[in-house]
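# Residue-level structure breakdown
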Amino acid sequence: MSILEQTPTTAAVLVDEHGLTPRGPIAIAWTFLRRQPVGAIGMVLVLIFGLAGIFADWIAPYSPTANDFAVMTEPPSLAHWLGTDQLGRDLLSRILFGARTAFVVGLTSALVGGLAGLVIGVASAYFGGQLDLWLQRLLDIVMAFPLIIMALAVVSIFGTGIQNVIVAITIPLIPRCARVVRSSALAIREVPYVDAARALGFSHSRIILAHMVPNVMGPFLVIITAFVGQAILAEAALSYLGLGVQEPVPAWGLMLQGGAEEYATTAPWIAVFPGLAIMLTVFGINLFGDSLRDVLDPKMRDR
Amino acid sequence: MYRYIISRVLLVFPTLAGAATLVFVLMRLVPGDICLVRLGSGGGNFTTQALEACHAEIGIDRSWIVQYLEFMWGMARFDFGISMWSGKPVIVEIATRFPISLEVAVMATIIAVTLAIPLGTISALKQNSWIDLVVRTFSIAGLATPAFWLGIVSILVVLDLTQAISGHPWMPPIDYVPLWQDPIRNLSIVMLPALTIGYRYAAVSMRMTRSAMLEVLREDYIRTARAKGLINRIIINRHALKNALLPVVTVIGIEFAFLIGGLVVTEQVFNLNGIGRYMVQCVQNQDYTATQALVMLTVTIAVLSNLVVDLLYAWLDPRIRLA
């Protein structure tokens, strides 16, 4: 097989209607929006909740922690669009600030876990041999812990609170990313240009950073997008169990704890809205991730 | 074939031993002295003797190596020690809670499989039709819905529905009775939790069935079968579905381990006294002996379900063994 026939396993194939590859972030985003309408819906959902989190201080009508005992368990009204909870706090404001918590935990865990996994995965594939063998066994062991169980174990040791929750969710994500990155990196290692770079006497770090990492970016981006959603769900579950983010920090999982079940019949809005926020956010992330995969991985098209 | 089975089965032991080691190390990372936490939790003062007695009782006055070997030997004999909270053997605490969790898990699996395979197949056969769109939306939403929220909402719906129909709200009973004693009561306890966990499970398996089916339908042998003039039903059932189910089996196996994670939150919502809820209590009570036993139990279930998947896979697809 000649060098010309070799193609990287995943290449960005985002092309517009003229078959041209867009240059620059705005052009890429615009082409993505037109070619992947479903992904665009996802992106819009993510943007709505993301912007809500960033600008919560300015757009929230009330403080997320302010109690107004005159309006406890009020149904949605003009003053309180989504109603109030059993402590007289405005649900809309809490959901807006909760978006911040969700995205901080989701993005930090996904990025840190993803980057650690990227380093381990590429190094494991590039160096191979004994290092690869032992790293893979170690990853097997860590992967045997279901995500939420691992997170619970970490929380039981370090305690609750937002930083510990991020640590607890990041750790189980690392091997899952390393696994995916390694399998794409293994294919890249066999491509002749890596041999060529080695023959030219380039350092390991240069080969890894300049030749291997850019070529595993496709699957890497797809998996960390999925991680953001998983991390948001895991954070909500931990907070719901009382083992995650703690009061008074507003978090969607926390809003469903206690009051939501107790007041289920008399004040269903307490239970319904925070859950809808979680669902729509993760739904948006998943839609976006699916379209991203379609764009970055031509083999997965039309599925 | 036998070589593959034996080597695959043998691989389970180092993985489990490694996991046990990891659990041992993790539990020793607890900042501070467990005994200080335990004695201090009462709020009162305590003597140095009491602290030393506590150290001796848990055995943390001995060297790490001795503790480690003892821990591993205990795990190998299913001796998980005494619960630091209740004072009863951990294995007894787990045994009383295990049946209900297992029943919910099995029920959820049945629900998932009976939903996923037919719907995933139809979705693939009628690609891009309205039914495909509905199935895909249903399954992608399943991946985004937190199981505990679905649980809360389903309780809400049941309460409102029974209120509307019979005039007084009905809640599923929470005290567990085995299936063979009172099937109706048993099912009324287990059904809602199984449905809420099963939804996610069904969603994942449905996506897999659909994409595997789409891939198989493009294979040459399907075209050959069509060209031979075989009727569609035989092509689908005998040629396509049979081959498409391979990756579905994998996903069902992998997701079974996920299910245990789902139990942790769902049991809390429905107030079921299963191992998931017990684990949350153990973490809250800082009961490290019980926590490490429960973590090991879930890891063992995950490792064994992976083993079953790999063996099934090898049995279903002869090409795997060559790899």
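Residues numbered from 1 in each chain as written. Chains lettered and ligands numbered in written order. Predicted model: local features only at pLDDT ≥ 70, side-chain atom pairs only at ≥ 80, totals over all residues.

Each helix and strand in chain A was counted, giving 13 helices and zero strands. Sequence-ordered secondary structure for chain A, helices as α and strands as β, is α-α-α-α-α-α-α-α-α-α-α-α-α. Across the 303 residues in chain A, those meeting the buried criterion constitute 48%. (Helix = DSSP H or I, 4+ residues; strand = E, 2+ residues; numbered from the N terminus. Buried ≥ 20, exposed ≤ 12 C-beta atoms within 10 Å, placed from the backbone.)

Another aspect to go through is the overall build of chain B. Of the regular secondary structure elements, chain B holds 13 helices and zero strands. Listing every helix and strand of chain B by position from the N terminus yields α-α-α-α-α-α-α-α-α-α-α-α-α. In terms of principal-axis extent, the alpha carbons of chain B reach across some 85 × 65 × 35 Å. Out of the 323 residues belonging to chain B, those deemed buried represent 37%.

On to helix α8 (residues 192-199) of chain A. It helps to recall that an α-helix has 3.6 residues per turn; residues three or four apart then point in one direction. Counting buried positions along α8 of chain A yields zero of eight residues, so the element is predominantly exposed. Remark: Gly 201 of chain A follows α8 of chain A within two positions and exhibits a positive phi of approximately 85°.

Chain A puts 36 residues into the contact, and the matching count from chain B is 39 residues. Of all the secondary structure elements, the ones that give two or more residues to the side of chain A that touches chain B are α5 (129-143), α6 (147-158), α10 (217-240), α12 (259-262) and α13 (268-296) of chain A. Across the side of chain A that touches chain B, the residue classes break down as 28 nonpolar, five polar and three charged. (Contact = placed C-beta atoms within 7 Å. Nonpolar A, V, L, I, M, F, W, Y, C, P; charged D, E, K, R; others polar.)

Turning our attention to unusual backbone geometry. With an omega dihedral of 5°, the bond running from Glu 247 of chain A to Pro 248 of chain A counts as a cis peptide bond. Note on placement: Pro 248 of chain A falls in the loop between α10 and α11 (252-255). Positive phi, close to 65°, is recorded for Asn 128 of chain B, a residue that is not glycine. For Asn 128 of chain B, the position within the fold is in the loop between α5 (90-125) and α6 (130-144). For Asn 128 of chain B, a count of 10 C-beta atoms within 10 Å corresponds to the exposed category. We note that Asn 271 of chain B has phi near 55°; this positive angle belongs to a residue other than glycine.

For the rest of this paragraph, the subject is the nonpolar core. Ranked by size, the top nonpolar core spans 166 residues in total, and within it Ala 151, Leu 152 and Ala 237 of chain A together with Leu 259 of chain B carry the most contacts. Ignoring sequence-local partners within four residues, the contact set of Leu 259 of chain B consists of Ala 105, Ala 108, Ile 197 and Tyr 201 of chain B. (Core = buried A, V, L, I, M, F, W, Y, C linked by C-beta atoms within 7 Å.)

What follows concerns the confidence of the model for chain A. All names here are of chain A. Looking at chain A as a whole, the pLDDT averages 82, with 89% of positions reaching at least 70. The lowest-confidence element of chain A is α12, averaging 68 in pLDDT; the highest-confidence one is helix α4 (residues 91-127), averaging 92. Predicted confidence for residues 1-12 stays below pLDDT 50, and this span has 17 contacts to residues more than four positions away or in other chains. (pLDDT = per-residue confidence, 0-100.)

So, on to the confidence of the model for chain B. Residues and elements named next belong to chain B. Per-residue confidence for chain B averages 82 on the pLDDT scale, and 92% of its residues sit at or above 70. No element of chain B has a lower mean pLDDT than helix α13 (residues 319-322), at 60, and none a higher one than α5, at 90. In the model output, the complex is listed with pTM 0.86 alongside ipTM 0.84.

With 29 residues, α13 of chain A ought to run about 42 Å at 1.5 Å a step, and its terminal C-alpha atoms sit 42 Å apart, in line with that. With 23 of 29 residues buried, α13 of chain A lies mostly within the body of the structure. (Expected span 1.5 Å × (residues − 1).)

Bringing the environment of Ala 112 of chain B into the picture now. All names here are of chain B. The residue Ala 112 is located in helix α5 in this model. A residue is classified by how many C-beta atoms lie within 10 Å of it, and Ala 112, with 27 of them, is buried. Look past the residues within four positions of Ala 112 in its chain and what remains in contact with it is Gly 198, Tyr 201, Ala 202 and Ser 205.

What follows covers the environment of Gly 74 of chain B. Position of Gly 74 of chain B among the secondary structure elements: in helix α4 (residues 64-76). Beyond its immediate sequence surroundings of up to four residues, Gly 74 of chain B is in contact with Asp 79, Phe 80 and Gly 81 of chain B.

One can describe the packing of α6 of chain A onto helix α12 (residues 288-316) of chain B by two numbers: an axis separation of 10 Å at closest approach and a directional angle of 165°. The orientation of α6 of chain A with respect to α12 of chain B, classified from their angle, is roughly antiparallel. In the packing of α6 of chain A onto α12 of chain B, the handedness of the crossing is left-handed. Contacts from Ile 149, Ala 153 and Ser 156 of chain A in α6 of chain A reach Thr 291, Val 295 and Thr 298 of chain B in α12 of chain B. A per-class count over the contact of α6 of chain A with α12 of chain B returns three nonpolar, three polar and no charged. (Axes fitted to C-alpha atoms, helices over the stretch in contact; angles between N-to-C directions. Parallel < 35°, antiparallel > 145°, perpendicular 65-115°, else oblique. Left-handed = near helix turned anticlockwise from the far one by under 90°.)

Okay, the environment of Val 309 of chain B next. Residue and element names in this part refer to chain B. Its location among the elements puts Val 309 in helix α12. When the C-alpha atoms of Val 309 and Ser 188 are compared, they prove to be 31 Å apart, with 121 residues separating the residues in sequence. Ignoring anything within four residues of it in the chain, the contact list for Val 309 reads Val 249, Thr 250, Gly 253 and Ile 254.

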